[in-house]
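# Structure at a glance
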Amino acid sequence: MTMRNPAVAGLFYHDDPGQLRLYLEETIGSLGEVSADPAIMGLIVPHAGYVYSGATAAKGYLTLAPERFSRVLLLGPNHRVPLSGIAASPASHFITPLGEIALEQECIGQLRSRSLVIEHEGAHRLEHCLEVQLPFLQYLLNEFTLIPLVVGECSPSGFARS
């Protein structure tokens with residue numbers, strides 16, 4: 001097992017599991033009634049520190065019907081290293097203060113074998129855009145596997161092919 005440890009816990013969101021869980025409970029609780037819509041299959045949510053965008057991300061996640069999701073695909077923009085194309089992580093699990101999340105190895109392997117993504121540990125090591133989504137998903141979904149992909153320089157035709 002190879003783990004991708006949190007890069008921005010303690011900076012973008014709480015690194016203490018109890019504090020993080022309390023933040024999620026209070027933020028989600030403060031939003032009032034948000035109805036889940038079983039038709040929603042995807043979201044676009046912000047990826048800044050929780051103090052700036054946590055409530056907005058939480059409101060988006062509350063529109064998901066948790067029972068519909070056992071596998072989650074995350075696409076996020078590359079901020080840290082030069083990257084051409086779309087990068088998968090070589091890790092088997094991503095870790096947050098709330099625990100481990102298994103990566104969907106079969107699907108990621110199929111994407112790599114079809115040359116739709118490359119494996120690039122460096123693109124994931126310090127990247128925050130996907131990591132900040134994970135505690136929301138861990139809190140709201142019971143169990144799920146993850147397909148985390150960092151998107152770099154990619155032409156529209158290249159992305160459409162992916």
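A quick note: this is a predicted structure, and the numbers were derived from the prediction, not measured.

## Comments concerning the overall build of the chain
Along the backbone of the chain there are 6 helices and 7 strands. Secondary structure of the chain in N-to-C order comes out as β-α-α-β-β-β-β-α-β-α-α-β-α. A compact globule built from 162 residues would reach a C-alpha radius of gyration of about 15 Å, and the chain, at 15 Å, matches this within 12%. Here the chain holds 162 residues, and 45% of them are scored as buried. Once the 10 positive and 16 negative side-chain charges of the chain are each reduced to a mean point, those two points are 8 Å apart.

## Examining helix α1 (residues 17–30)
Residues that lie three or four places apart on an α-helix share one face, since the helix turns once every 3.6 residues. Taking 1.5 Å per residue as the helical rise, α1 with its 14 residues ought to reach 20 Å, and the 20 Å between its terminal C-alpha atoms agrees with that figure. On the buried face of α1, the contacting elements are α2 (50–62) and α5 (134–140). Of the residues that open α1, the one with a side-chain oxygen 3.1 Å from the backbone nitrogen of G18 is D16.

## Here's the deal with the sheet that holds strand β5 (residues 99–102)
Strand order in the open sheet formed by 3 strands is β1-β4-β5, and the pairing between neighbours is mixed. Both outer strands of the open sheet, β1 (3–4) and β5, are each paired with one neighbouring strand and no more. When strand β4 (residues 93–96) meets β5, the two strands line up antiparallel, connected through 4 bridges. Bridge pairing links H93 to A102 in β5.

## Some thoughts on the pairing of strand β7 (residues 145–151)
Of all 7 residues in β7, 6 are buried; the element is thus mostly enclosed. Relative to β7, strand β2 (residues 71–77) is paired through 7 bridges, and the arrangement is parallel. Opposite L75, over in β7, you have L149 as the bridge partner. The sheet contact formed by strand β3 (residues 86–88) and β7 spans 3 bridges and is antiparallel. What sits directly across from A88, in β7, is L149.

## Observations concerning the packing of α1 against α2
Direction vectors running N to C along α1 and α2 enclose 65 degrees, while the axes themselves pass 10 Å from each other. In the packing of α1 onto α2, the handedness of the crossing is right-handed. On the side of α1, the interface is formed by L20, Y23, T27 and I28, while α2 contributes Y50, G54, A55, A58 and L62. The class makeup of the residues in the contact of α1 with α2 is 7 nonpolar, 2 polar and no charged.

## Details of the pattern of salt bridges
Applying the stated criterion to the full structure yields 3 salt bridges. The residue R4 makes a salt bridge to E131 at a minimum N-O spacing of 2.7 Å. On the criterion of sequence distance, the pair formed by R4 in strand β1 and E131 in the loop between α4 (121–125) and α5 is long-range, its members being 127 residues apart. R4 sits in the buried class, given a relative accessible area of 7%. A salt bridge links R125 to E121; the nearest nitrogen and oxygen atoms lie 2.7 Å apart. Of the two residues, R125 and E121 are both situated in helix α4; the distance of 4 residues between them amounts to about one turn of the helix.

## Comments concerning the side chain of H93
By secondary structure assignment, the location of H93 is in strand β4. We classify H93 as buried; its relative accessible area is 13%.

The rules behind the values
- Residues numbered from 1 in each chain as written.
- Predicted model: local features only at pLDDT ≥ 70, side-chain atom pairs only at ≥ 80, totals over all residues.
- Heavy atoms only, no water.
- Helix = DSSP H or I, 4+ residues; strand = E, 2+ residues; numbered from the N terminus.
- Rg over C-alpha atoms; globule rule 2.2 N^0.38 Å.
- Buried < 20%, exposed > 50% of the residue type's maximum accessible area, 1.4 Å probe, protein only.
- Lys, Arg positive; Asp, Glu negative; His and termini not counted.
- Charge placed at Lys NZ, Arg CZ, Asp CG, Glu CD.
- Expected span 1.5 Å × (residues − 1).
- Contact = heavy atoms within 4.5 Å.
- Polar contact = N/O pair within 3.5 Å; in protein donor to acceptor, adjacent residues only side chain to side chain.
- Pairing = 2+ DSSP bridges.
- Axes fitted to C-alpha atoms, helices over the stretch in contact; angles between N-to-C directions.
- Left-handed = near helix turned anticlockwise from the far one by under 90°.
- Nonpolar A, V, L, I, M, F, W, Y, C, P; charged D, E, K, R; others polar.
- Salt bridge = Lys/Arg side-chain N within 4 Å of Asp/Glu carboxyl O.

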